[in-house]
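# Results of the structural survey
What follows is the residue order along each chain.
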Amino acid sequence: MSFSLHIKGEDMMMMKKNEDGIENSAPLTEFFSSMEKIARRDASPTIKNVLLLDSEGRRMAVKYYTDEWPTNSAKLAFEKSIFSKTQKTNARTEAEIVMFENNVVVYKFIQDLHFFVTGGDDENELALATVLQGFFDAVTLLLRGNVDQREALQNLDMMFLCLDEIVDGGMILETDGNMIAGKVATHSMDDGAPLSEQTITQALATAREHLTRSLLR
């Protein structure tokens, strides 16, 4: 579809050609509105929330960055609804995307953990998927490949530190899983609770080995 601008009297109109080459007029404001939406998609994406839920849809580690869900009850209702909508999908081999309540939600499952990243309906899906993958990779690394509910519960402080390193006030800070895990490990060591005697590189190798074994089963 192509666009051209026409000026008629005091009114500026946008002529929009459809697939048959027929021109239809539309207000210029519609054109600028469309361009603004595209610009927003390509600008810094805004994350609405990042969720880590268990196999029954109960929250493990969650962070909200907008007032769209003003109460804890509203947040819990959203978590329950998005879990119910996606639990029967096959999002274990790769991330999937769903439109839900005027939002784009990207999600991925492993073992009994469900990862979700939510953005507005005009956000860039690839950017949301990158945030999801960064969170997933960092958790896999920090838990040394043992990515399940039990391990996550025992390391909830690191799950929340991951979220703090990835998003701040809805703005994306970091999406590289290695960088995120490294910063979280540093925080843990600074707090007097070392991640382990392994280096980050060794932990990553271990995580990859565990992940490979789980995929081959």
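Residues numbered from 1 in each chain as written. Predicted model: local features only at pLDDT ≥ 70, side-chain atom pairs only at ≥ 80, totals over all residues. Heavy atoms only, no water.

### A short note on the overall build of the protein chain
This is how the line gets drawn: We count a stretch as a helix when DSSP gives it H or I for four or more residues in a row; a strand needs E for two or more, and each element gets its number in order from the N terminus. Contact criterion: two residues are considered in contact whenever any of their non-hydrogen atoms come within 4.5 Å of each other. Using a 1.4 Å probe, accessible areas were evaluated by the Shrake-Rupley method; residue-level cover was limited to the displayed protein chains.
For the protein chain, the count of helices and strands is seven helices and ten strands. If you take every contact in the protein chain between residues at least 6 apart in sequence, the share linking residues at least 24 apart comes to 47%. Counting only carbon and sulfur atoms, one obtains 50% of the accessible surface of the protein chain, whose full area is about 12200 Å².

### Describing the sheet that holds strand 8 (residues 113–120)
What counts, and what does not: For two strands to be treated as a pair, DSSP must find at least two bridges joining them. Only the contacting stretch of a helix is used when fitting its axis, a line to C-alpha atoms as for every element, and angles between N-to-C directions run 0 to 180 degrees.
Spatial ordering of the open sheet is given by 5-4-8-7-6, a layout of five strands whose pairing is antiparallel. Of all strands in the sheet, those with a lone pairing partner are strand 5 (59–64) and strand 6 (96–100), marking the two edges. Neighbour-to-neighbour, the strand axes of the sheet open up by a mean angle of 20 degrees, direction not taken into account. Running over the sheet, helix 3 (residues 125–142) touches strand 4 (47–54), strand 6, strand 7 (103–110) and strand 8 and is turned about 30 degrees from strand 7.

### Digging into the side chain of Lys 108
As a reminder, the rule being used: With a 1.4 Å probe rolled over the protein chains alone, any residue whose accessible area is under 20% of its type maximum counts as buried; one over 50% counts as exposed, and the rest are partly exposed. None of His or the chain ends enter the tally, which takes Lys and Arg as positive and Asp and Glu as negative. We define a salt bridge as a side-chain nitrogen of Lys or Arg found within 4 Å of a carboxyl oxygen belonging to Asp or Glu.
Tracing the backbone shows Lys 108 in strand 7. Summary of buried charges: Lys 108 has no salt-bridge partner, and the nearest side chain of opposite charge, Asp 137, is 6.0 Å away. Lys 108 has contacts with Ala 91, Arg 92, Thr 93, Glu 94, Ala 95, Leu 113, His 114, Phe 115, Leu 132, Gln 133 and Phe 136, leaving out every residue within four places of it along the chain.

### Description of the nonpolar core
Within soluble globular proteins, side chains that are nonpolar tend to cluster in buried spots. What counts here: As used here, the term nonpolar core means buried Ala, Val, Leu, Ile, Met, Phe, Trp, Tyr and Cys residues forming a set that is joined through side-chain atoms within 4.5 Å.
The biggest cluster of nonpolar side chains holds 33 residues, and the ones touching the most others in it are Ile 47, Val 50, Leu 52, Phe 115, Phe 135 and Met 159. Those elements giving two or more residues to this core turn out to be strand 4, strand 5, strand 7, strand 8, helix 3, helix 5 (156–166) and helix 6 (177–190). Element by element, the count of residues in this core is highest for helix 3, at nine residues. Aside from chain neighbours lying at most four places away, what touches Leu 52 is Arg 58, Arg 59, Met 60, Ala 61, Val 62, Leu 113, His 114, Phe 115, Phe 135 and Met 159.

### A word on helix 2 (residues 72–86)
The condition that has to hold: Helix span is expected to be 1.5 Å times the residue number reduced by one. Relevant arc is that of directions from the helix axis to the C-beta atoms, nothing else.
The end-to-end C-alpha separation of helix 2 is 21 Å, in line with the 21 Å expected for 15 residues at 1.5 Å each. Buried within helix 2 we find Lys 75, Phe 78, Glu 79, Ile 82, Phe 83 and Thr 86. Taken down its axis, helix 2 places every buried residue within 125 degrees of arc, on the same side. In helix 2, the exposed positions angled more than 90 degrees off the buried face are occupied by Ser 73 and Lys 80.

### Comments concerning the confidence of the model for the protein chain
Quick note on the threshold: Scored from 0 to 100, pLDDT reflects the predictor's confidence in each residue.
Scored by pLDDT, the protein chain comes out at a mean of 79, with 66% of its residues at no less than 70. Note that residues 1–17 has pLDDT below 50 and, in this model, 43 contacts with residues that lie over four places away or in other chains. Here residues 193–199 is modelled with pLDDT under 50, and outside its nearest four sequence neighbours on either side it reaches 15 contacts, counting other chains as well.

### Points about the packing of aromatic side chains
Convention followed: The aromatic pairing rule takes the rings of Phe, Tyr and Trp, using the six-membered ring of Trp, and pairs them if the centres are within 6.5 Å, calling planes under 30 degrees apart stacked, those over 60 edge-to-face and the rest tilted. A positively charged side chain is recorded as over a ring if its NZ (Lys) or CZ (Arg) lies within 6 Å of the ring centre. The angle to the ring normal must also be within 35 degrees.
Taken as a whole and judged by the stated rule, the model has eight aromatic pairs. Plain terms: the ring middles of Phe 78 and Phe 100 are 5.7 Å apart, the flat faces sit at 55 degrees to each other, and that makes the pair tilted. Placement of Phe 78 in helix 2 and of Phe 100 in strand 6 is noted, with a sequence separation of 22 residues between them. Phe 78 sits in the buried class, given a relative accessible area of 2%. Residue classification places Phe 100 among the buried positions, given a relative accessible area of 10%. One aromatic cluster is present, formed by Tyr 64, Trp 69, Phe 78 and Phe 100 through successive ring pairs. Its end group placed over the ring of Tyr 64, Lys 75 keeps NZ or CZ at 5.3 Å from the ring centre. Between Lys 108 and the ring centre of Phe 136, over which it is positioned, the NZ or CZ distance is 4.2 Å.

### Thoughts on the packing of helix 3 against helix 5
Stated precisely, the cut-off is as follows: Helix crossings fall into two classes, left-handed where the near helix is turned counterclockwise from the far one by less than a right angle and right-handed where it is turned clockwise. Gly is put with the polar residues, along with every residue not named as nonpolar or charged; the nonpolar set is Ala, Val, Leu, Ile, Met, Phe, Trp, Tyr, Cys and Pro, and the charged set is Asp, Glu, Lys and Arg.
The contact between helix 3 and helix 5 brings their axes to 10 Å, and the two run at 145 degrees. Every pair of crossing elements has a handedness; the one defined by helix 3 and helix 5 is right-handed. Taking contact as the criterion, the partners of Val 131, Gly 134, Phe 135, Ala 138, Val 139 and Leu 142 in helix 3 are, on helix 5, Met 158, Met 159, Cys 162, Leu 163 and Ile 166. Classifying every residue of the contact of helix 3 with helix 5 gives ten nonpolar, one polar and no charged.

### Some details on the environment of Asp 176
What counts, and what does not: N or O atoms closer than or at 3.5 Å make up a polar contact, with two conditions inside protein: a donor-capable atom paired with an acceptor-capable one, and, for residues adjacent in sequence, both atoms drawn from side chains.
Note on placement: Asp 176 falls in the loop between strand 10 (171–172) and helix 6. Asp 176 gets classed as partly exposed once you look at its relative accessible area, which sits at 34%. With 41 residues separating them along the chain, Asp 176 and Phe 135 place their C-alpha atoms 8.4 Å apart. Among the polar contacts listed, one links the side chain of Asp 176 to the backbone nitrogen of Asn 178, at a separation of 3.0 Å.

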